[in-house]
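Notes for the structure review
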Amino acid sequence: MSIRVASPQFVGRTAELARLEQLVRDAADDVPGFALIGGESGVGKSRLMDEFAARAREGGARVITGDCVDLGDAELPYAPLVGALRGITGAEVAQILPRGARELSALLPQFEAGDAGLGPSSLAQGRLFELLLALLGGLGAERPLVLVVEDAHWADPSTRDFLSFLIRNRRRERLVVAVTYRTDELHRRHPLRGFLAEADRTRAVARLTLERFTREELAEQLTGIMGHPPAPQLVEELMSRGEGNPFFTEELIAAGGDSAEGRLPEDIRDALMVRIESLSADAQAVLRVAAVAGPRVRHALLEVSAPLDRDALLGGVREAVAHHVLVQEHDDDVYRFRHALLREALVDDLLPGERGPLHAAVGRALAADPSLSASGRSVAAELAAHWWAAHDLPAAFTASAQAGEEAERMAAFAEANAHFERAAELWDAVSPEHRAGSPDRVELLRRGAEAAHLAGDSDRATALGKSALGLVDASSDPLVAAALHERIGRYLWVCGQQRDAIEELSRAVAVMPDDAPAVDRARVLGAEGHVLMLLGRGAESRDRCEQGLELARQAGAKLEECRICNSLGPALMMTGDRDAAITILEGSRQLAEELGDPEETTRAHINLAEVLDQVGRLDDAVEVSRAGVAAARRDGAPSVLPMLIGELAERLVRIGGWDEAEAILPEAMAPTTSWGVGRADALAALAQMQALRGDTADAERSLREVDQALREAVGSMWTAPTATARAEAAFWDGRPADAREVVIAELNRRQETDDSEVTYLAPLVAVGARAEAELAARARVTGETEALAEAVRRAGEMRDVGQSLITADPLPEAALLVEVATIEAARAEAAASAEDWAALAERWEDHGGAFQVAYCRWRAAELVLAGGGPRGEVPAMLTAAYRTAERLRAEPLRREIADLARRARVPLEAPVGDAADIGRNGSDGEASAAAEPSVADRIGLTARELDVLQLMAGGATNREIAAQLYISQKTVTVHITRILAKLDARTRVEAAGAAQRLGLLSSEPAGS
């Protein structure tokens, strides 16, 4: 009779179990939770999950469990999800997803495969993820759902991506996801490390690490196994050998007996094999076949594969189960190893001459009857692994090609890429007769490249595409060559290699024969037109797109028509045909919705919003952007959300919706599998807001990441927004000279063929002129005539560049920004008027630009006060500007407005924040009463005298002090006389020194 192996009593793990149970209680209150449970092999992760699952079920939760599968180099996509959802009925899924159920047919064996599958597309995986999230949410609608994913160190890329998606896109699902992994498997480059690092940044994720048992816990474990307290020397011996690892302890005592006199093996692997070798020859034969088959194996597969008759097989299986090596799954004909280490020890112990024939036997059985697989679905990936291990290369080639197609249908693109590459590598090792009926090598490489691109590895896609192109004779097969050039161009564009991309696309058009099918010619013309549009080459793009559109309509190719229209719209805008641009993009959006194509629906929203924005319909553009975000979420397109969110956030920043922008941007910050340029868009919008808020360091961090993403980008559409944000950050950080350098460097990169530059350069020249005006003002105060002349000259150049961008029918916002540059140039010459700034503020208010309105009002009030004119409208003007800056948390602008109000003794009318304090007390945000009198109070210095002292200590003359504080020179003289008396100083220098010693001077002069 065999000794009991596992303790029936759950030992230790009190804190970890309590944390997991709390997650279930939180899920019942609509707060989804995630737990990552790490620990070394055998430390008790699975036992903890078993206990947790049992308690969760007792509490009313529904528990589903799936295991990741180790198939070596082969990939079995979504293995734990397929396993977990195996018990979910088709009726349940159809009830939760009445419109999307058939799209899961490639993943879930409950459904019959149909033509409603996902198929290869850049948004297919996102759609699958949304469907799975909706399914899990629906399964937990009435009671919490617990999803356990075991052994994530073996997880396939698609499973890791889905788990990341679940964490990022949690809402109010009544869901708990518990994931276990081996910490001792995570070498430095293990792919799970990236997932864990990303998860660590999310508050919703609990990280639990299981430690080895203490001596007391080990004794408790042994008591449960043996049925009586262990001898002290046995505890010490097992603690020494197993070091508190629960599984190792179990195996050591099972191998050596339950007394200290029993011989304990020196090595844990020896202990595992001692137990197995103590079994009969039939049991060992069964276990070898089971180990090769995988972590789970059907009894029917053992019957076909094991070299035993029926009675011997049954006896061997019964013995393996009785000795706790195999465990029968509940209500199923499936066995699994009690611990993965048992299987690993068996596989490692196989001789080379044993391993191949065993894999071949399992492969033959699965090929003859796929239903023998414990996965319950197509077995191509399993067969590829078995035939490869059996060195049957022709069979491995066929299975790899089929596995690639299967993974492609499941939107498991990383796995599809691996299988197609394996098949392409085996091409030369397989005879032509064995390759018959399979895709040729060019097609395998092409599909591998597309799968890599869709998995987010466009560098690999480019390499594979070029390998395929190298096998094609363009003169004899121009259609294939043109198609490959077109796809390589797309991959290069996504990699940020824009010049190389357009060269490839031009080759695609050149190679395509004139008598080629209309739809093929339309595709390459549309692809080239698309990239030309993105490069700002509107006239060329329009020409290609119009040619392609005619061909697409001639062929009745609706999807190609939609794609081309989505590129033609912006090209029409660049070439001045605004109404046609809006019309064609509204049509493409409707067509994309009718076709149900999420990718083109996304592009239509992005491009229509951009055109509406440029023609001055900013509010309409915001609404279209919002609709695009909603459509992407509806259609399951998380990969394009960063771009959509970035576009929306950028417009919200401009109209003053900074809080909304701040709320939506985090969703776009998470790493994505494709459309990396979208993340750069979102970061650029964030950087612009950070710059205007004075968060200079954060803005620079965001911009460095944008620079990395767009390192090879060309054209003002891509580079100017980053330069503008960087210049804004420098300006509001008090570094106008740095802002100047950024603007000049960007203007020097201008491209003559850039038809989109007016939209993207107008903001740049506006901030450039502002920086020059500030430098001129500083030089005027310090008397640096050469610096003043240079700033005036450069400000004029900024104005001239801006005005050169404006056509007879200018884009509304671009025209306003150029007017900003024009007035700033006048400010550099000390020739700007308050009336000009006030009128510009009104026009910005009509257009919709909250920050710009506040800025213009501040400048207008400044000039009114400096000119000594009527001050009647100044309080209302400054109050409105202050309110806006405070609401936006635009701290640099708020400080400037508050400082102006304080220096000019202008009361801010509304009690918003510290505005009322400024008006009453003359201090920026300080309370009127303090617990202790200040040094200035004790000396008797007034707030105005402090202002004068600050400027005087900075070296300002009486005239300059008068100009800064909007008072007469005579009044300045009176204030200085009083200051000298109160500080007991005879000269201005003595007064400045005394003030410094007393701490009366701030770090910067007032009004700087």
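None of the values given here were measured: they were computed from a predicted structure. (Residues numbered from 1 in each chain as written. Predicted model: local features only at pLDDT ≥ 70, side-chain atom pairs only at ≥ 80, totals over all residues. Heavy atoms only, no water.)

Here Phe851 is to be found in helix H41 (residues 850-867). Under the relative-accessibility criterion, Phe851 is labelled buried at 6%. Sequence spacing of Phe851 and Ile655 is 196 residues, and the spatial spacing of their C-alpha atoms is 7.7 Å. Beyond its immediate chain neighbours, meaning those up to four positions away, Phe851 contacts Trp658, Leu692, Trp732, Leu888, Ala890 and Leu893. (Helix = DSSP H or I, 4+ residues; strand = E, 2+ residues; numbered from the N terminus. Buried < 20%, exposed > 50% of the residue type's maximum accessible area, 1.4 Å probe, protein only. Contact = heavy atoms within 4.5 Å.)

Among the secondary structure elements, Thr462 is positioned in helix H22 (residues 458-470). Accessibility expressed as a relative area gives 7% for Thr462, which makes it buried. Every residue in contact with Thr462, bar those within four places of it in the chain, is listed here: Ile488, Tyr491, Leu492 and Cys495.

Glancing now at the pairing of strand E8 (residues 334-337). Where strand E6 (residues 296-298) meets E8, three bridges bridge the pair, whose relative direction is antiparallel. Considered in E8, the bridge of Arg296 is made with Arg336. Across three bridges, the pairing between strand E7 (residues 326-328) and E8 is antiparallel. Counted as the bridge partner of Gln328 is Tyr335 from E8. (Pairing = 2+ DSSP bridges.)

Right, let's get into the sheet that holds strand E1 (residues 33-39). Strand order across the open sheet formed by five strands is E2-E3-E4-E1-E5, with parallel pairing between neighbours. Two strands bound the open sheet, and with one partner strand each, they are strand E2 (62-67) and strand E5 (205-209). Strand after strand, the sheet turns through a mean of 15° between neighbouring axes, direction not considered. Here E1 pairs with strand E4 (residues 175-182) via seven bridges, running parallel. In the sheet register, Gly39 faces E4, and the bridge partner there is Arg182. Those strands touched by helix H6 (residues 157-168) are E1, strand E3 (145-150), E4 and E5, and its axis lies near 140° from that of E4. (Axes fitted to C-alpha atoms, helices over the stretch in contact; angles between N-to-C directions.)

With that settled, consider unusual backbone geometry. Glycine aside, a negative phi is what most residues show, and trans is what most peptide bonds show. A positive phi angle is found at Arg13, which is not glycine, with a value near 60°. Take Arg13: it is sitting in the segment before helix H1 (14-28). Since its relative accessible area comes to 9%, Arg13 is described here as buried.

Strand order in the open sheet made by the three strands is E6-E8-E7, with antiparallel pairing throughout. For this open sheet the edge positions go to E6 and E7, each flanked by a neighbour on one side alone. The mean angle between the axes of side-by-side strands here comes to 30°, regardless of whether they run parallel or antiparallel. Along the sheet face, helix H12 (residues 281-293) touches E6, E7 and E8 and points at about 90° away from the line of E8.

Here the focus is the confidence of the model for the chain. Interpreting fine coordinate detail is not advised for predicted regions of low pLDDT. When the pLDDT values of the chain are averaged, the result is 85; 89% of them are 70 or greater. The lowest-confidence element of the chain is helix H44 (residues 915-921), averaging 36 in pLDDT; the highest-confidence one is E3, averaging 95. Contacts for the low-pLDDT stretch residues 1003-1008, under 50 throughout, to residues beyond four places or in other chains number nine contacts. (pLDDT = per-residue confidence, 0-100.)

In this structure the tally under the stated criterion is eleven aromatic pairs. Considering the side-chain rings of Phe162 and Phe165, the 6.4 Å spacing of their centres and the 25° angle between planes classify their relative orientation as stacked. With Phe162 and Phe165 both in helix H6, this residue pair falls three residues apart, about one helical turn. Residue classification places Phe162 among the buried positions, given a relative accessible area of 1%. One aromatic cluster in this structure is built from Trp658, Phe731, Trp732, Trp837, Phe851, Tyr855 and Trp858. Here the basic side chain of Arg770 rests over the ring of Tyr855, its NZ or CZ set 4.6 Å away from the ring centre. (Phe/Tyr/Trp six-rings, centres within 6.5 Å; stacked < 30°, edge-to-face > 60°. Lys NZ or Arg CZ within 6 Å of the ring centre and 35° of its normal.)

A separate point is helix H32 (residues 658-669). A rise of 1.5 Å per residue sets the reference length of H32, with its twelve residues, at 16 Å; its end C-alpha atoms lie 16 Å apart and thus fit the reference within 8%. Considered for burial, the residues of H32 that qualify are Trp658, Ala661, Ile664, Leu665 and Ala668. Viewed end-on, H32 has its buried residues packed into an arc of 130°, placing them on one side of the element. Along H32, exposed side chains directed more than 90 degrees from the buried face belong to Ala663 and Pro666. (Expected span 1.5 Å × (residues − 1). Arc of directions from axis to C-beta.)

Turning to the state of the cysteines, a few remarks are in order. For the coordinates displayed, the defined rule picks out zero disulfides. Not part of a disulfide, Cys562 finds its nearest cysteine sulfur in Cys565, a span of 7.0 Å. Exposure remark for Cys562: the relative accessible area of 0% places this residue in the buried category. When its relative accessible area of 5% is taken as the criterion, Cys565 is described as buried. (Disulfide = S-S within 2.5 Å.)

Okay, the environment of Thr782 next. By secondary structure assignment, the location of Thr782 is in helix H37 (residues 757-782). Counting along the chain gives 174 residues from Thr782 to Ala956, while the straight-line C-alpha distance between them is 8.6 Å. In this structure the side chain of Thr782 is engaged in a polar contact, spanning 3.3 Å, whose partner is the backbone oxygen of Ala779. A polar atom in the side chain of Thr782 sits 2.7 Å from the side chain of Glu784. (Polar contact = N/O pair within 3.5 Å; in protein donor to acceptor, adjacent residues only side chain to side chain.)

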